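Residue strings, one per chain:
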There are 2 protein chains.
Amino acid sequence: MSDNQRPILPTTDEAVAMAKALLRTAHHGVIATLEPDSGRPVATRVGLATDADGAPVILVSALAAHTPALRADPRCSLLVGEPGKGDPLAHPRLTLHCDAREVEHAGADEARIAARYLAHNPKAALYATLGDFRYFRLEPVRASLNAGFGRAYALTRADMLG
Amino acid sequence: MSDNQRPILPTTDEAVAMAKALLRTAHHGVIATLEPDSGRPVATRVGLATDADGAPVILVSALAAHTPALRADPRCSLLVGEPGKGDPLAHPRLTLHCDAREVEHAGADEARIAARYLAHNPKAALYATLGDFRYFRLEPVRASLNAGFGRAYALTRADMLG
């Protein structure tokens, strides 16, 4: 069966609200990036918050694999939604396809984003100001919500922001 | 700072043991695959067990985005290691770079792998025999262990298996 035959349900207000809630309550996620030399996909954990419009923001070290990867190719995706008890695949999760944009160091956007990030993740204050840490804003392209078995939704950038 | 300057610690028996324990105790992980048409990296959740030699095995639906992706390009990576309390980046996690190999349906390997998978994830018996579900074995290529801040190890296939 091809990917085109996936049974995608019509988008509802409830699906959009679930997707936004998964993203806005997440303190971490797993980012998929492209390894610069090999082109292989790489899954790594990142700390996470959201900007004022709902776009994800991450705080990353230049020493982590995802940072040079995002600088070489901004295409990435972010998985949020943690499994609870029982079958992990029965729990909702969101894959957000994004293009990463590095936040200019010491610029106006960084001040706003850092304030939001540290309010959401206070323990990150221990390292946020170290020289090799930078914020990236992940511009949503589209998203896939899996709300549990057989409940898949395809969401747009407009669904996720605002 | 380039990725080549990452401070990788010499591999120890303890690091290898931690990496194997993270993988063998995981019931789920996040897989990064390559979207066939766009080449974008995609992060999705998968159910997980290990084969007799320690290689990860996943049970996936043809309806999920990762399945056609792995059939088109077997390169993938798997993140395991769940955050506990406190800063999520202080908790150990493992990124395992793999090449996926679909397990032949109704073959001898499938019987062994299904028995191991269902012993590890009993609730998956509800859907494991549905027609669109297949097992893939993820052949380890190399791995990155992040054992907490500043504690990074580069592991080989030989470290992870056996």
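It should be noted that the structure appears before, not after, this text.
Figured I'd write up the structure that's included with this text. Being a predicted model, the structure only gives us computed values, none of them experimental.

Definitions and cut-offs
- Residues numbered from 1 in each chain as written.
- Chains lettered and ligands numbered in written order.
- Predicted model: local features only at pLDDT ≥ 70, side-chain atom pairs only at ≥ 80, totals over all residues.
- Helix = DSSP H or I, 4+ residues; strand = E, 2+ residues; numbered from the N terminus.
- Rg over C-alpha atoms; globule rule 2.2 N^0.38 Å.
- Contact = placed C-beta atoms within 7 Å.
- Nonpolar A, V, L, I, M, F, W, Y, C, P; charged D, E, K, R; others polar.
- Expected span 1.5 Å × (residues − 1).
- Buried ≥ 20, exposed ≤ 12 C-beta atoms within 10 Å, placed from the backbone.
- Arc of directions from axis to C-beta.

With that settled, the discussion passes to the overall build of chain A. Along chain A, the regular secondary structure elements total four helices and eight strands. In sequence order, chain A lays out its α and β elements as β-α-β-β-β-α-β-β-α-β-β-α. Whereas a compact globule of 162 residues would reach a radius of gyration of roughly 15 Å, chain A reaches 16 Å, a difference of no more than 12%. Seen through its principal axes, chain A has C-alpha atoms that stretch 45 × 35 × 30 Å.

Here the focus is the environment of Leu 59 of chain A. Residues and elements named next belong to chain A. By the secondary structure assignment, Leu 59 is in strand β4 (residues 56–61). Along the backbone, Leu 59 and Arg 40 are 19 residues apart, and their C-alpha atoms lie at a distance of 23 Å. Beyond its immediate stretch of four places on either side in the chain, Leu 59 contacts Gly 47, Tyr 117, Ala 124, Ala 128, Phe 133 and Tyr 135.

The next thing to look at is the interface of chain B and chain A. Taken together, the contact between chain B and chain A spans 40 residues of the former and 40 residues of the latter. In the side of chain B that touches chain A, the residues fall into 20 nonpolar, eleven polar and nine charged.

Before going further, it helps to examine helix α1 (residues 13–24) of chain A. Residue and element names in this part refer to chain A. With twelve residues, α1 should cover 16 Å at 1.5 Å per step; its first-to-last C-alpha distance of 16 Å lies within 8% of that length. Regarding α1, the residues found buried are Ala 15, Ala 19, Lys 20, Leu 22 and Leu 23. The buried residues of α1 occupy an angular sector of 160° when projected down its axis, which confines them to one face. Every exposed residue of α1 that faces more than 90 degrees away from the buried side is listed here: Asp 13, Glu 14 and Ala 17.

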